Amino acid sequence: MRQQAHSVLGIPASATVAQARAAFRRLALMHHPDRNPGDPRAHERFKKILRAYRTAMRSIGRARAAGASSHEVPAGPRPDRYACGRCGDSFPFPESCPRCGVRLCDRAAGPPVDREDARVRALIEELESRPAPPEEPGPEPPVPAMLVGACLAAGAVVWQVGPVGVALLFVGFAAYVTGLELHRRASLTP
């Protein structure tokens, strides 16, 4: 299994932590499912690379415990020390998740704590200091009742004065509706 893990990563059996880490990074970036969205086998390849990396890191750790010198096998992070809080993927490096783009958290130290940006705090204070928006105006008169009244008036005008009177009635009605809309907009702006 150990030999197979090293061959998957493309590193020699006497590889150091730095060599294993570099091989894993290169292969993980190349075969990550988010970088290969149309490939249905990308997820399996990525998992195989991750398993091989963990196996290689365990074998390097055993070699270190058996008495290998520190310059041959330098200390390195656990293969799954850092995790993405959004998707749950584990990584050996404290960078950002390639899938989600968020910072990884150290499982040993807890989630990362970012300082709040001063510009965000200033914007929140500015928004909280603004006066409350005006209350909603009351209900508007129903439009269908106005239309019925206009139609009745149009019928009376046509009967009395003819088509010219109807045209004047519709112009007046349009002016009335425009005035209502302008009044409503003026009452909403502070």
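Structure first, text after, so check above.
Cut-off values and rules
- Residues numbered from 1 in each chain as written.
- Predicted model: local features only at pLDDT ≥ 70, side-chain atom pairs only at ≥ 80, totals over all residues.
- Heavy atoms only, no water.
- Salt bridge = Lys/Arg side-chain N within 4 Å of Asp/Glu carboxyl O.
- Buried < 20%, exposed > 50% of the residue type's maximum accessible area, 1.4 Å probe, protein only.
- Helix = DSSP H or I, 4+ residues; strand = E, 2+ residues; numbered from the N terminus.
- Contact = heavy atoms within 4.5 Å.
- Polar contact = N/O pair within 3.5 Å; in protein donor to acceptor, adjacent residues only side chain to side chain.
- Patch = residues over 30% accessible without salt bridge, like charges linked within 9 Å, V, L, I, M, F, W, Y side chains within 5 Å.
- Areas by Shrake-Rupley, 256 points an atom, 1.4 Å probe, with all protein chains shown as cover.
- Phe/Tyr/Trp six-rings, centres within 6.5 Å; stacked < 30°, edge-to-face > 60°.

*Asks:* Give me the pattern of salt bridges: which residues, what numbers.
*Replies:* By the definition in use, this model includes five salt bridges. The salt bridge involving Arg45 is made with Asp39; its shortest N-O contact spans 2.7 Å. By relative accessible area, which is 25% here, Arg45 ends up partly exposed. Under the relative-accessibility criterion, Asp39 is labelled partly exposed at 29%. When the shortest N-O distance is used, the salt bridge between Arg185 and Glu181 registers 3.1 Å.

*Asks:* Residue-level account of the side chain of His6, with values.
*Replies:* With respect to the element layout, His6 can be found in helix α1 (residues 2–9). In this structure, His6 is in contact with Ile11, Pro12, Ala13, Ala56 and Ser59, ignoring residues within four places of it in sequence.

*Asks:* Please set out the side chain of His32 residue by residue, giving values where relevant.
*Replies:* Position of His32 among the secondary structure elements: in the loop between α2 (17–31) and α3 (42–65). Its relative accessible area of 2% is what places His32 among the buried residues. Within polar-contact distance, the side chain of His32 engages the backbone nitrogen of Asp34 at 3.1 Å.

*Asks:* Describe a nonpolar patch on the surface, naming the residues involved and giving the relevant values.
*Replies:* A cluster of nonpolar residues, Tyr176, Val177 and Leu180, forms a patch on the protein surface that exposes about 240 Å² of accessible area. Tracing the sequence through the fold places Tyr176 in helix α6 (residues 163–188). Tyr176 sits in the partly exposed class, given a relative accessible area of 42%.

*Asks:* Please set out the packing of aromatic side chains residue by residue, giving values where relevant.
*Replies:* A full pass over the atoms with the stated rule returns one aromatic pair. Taken together, a centroid distance of 4.5 Å and an interplanar angle of 25° make the contact between Phe24 and Tyr53 stacked. With Phe24 in helix α2 and Tyr53 in helix α3, the pair connects residues that are 29 residues apart, well separated along the chain. Using a relative accessible area of 0% as the deciding quantity, one classes Tyr53 as buried.

It is worth stressing that arrangement in space is one thing and function is another; only the former is reported here.
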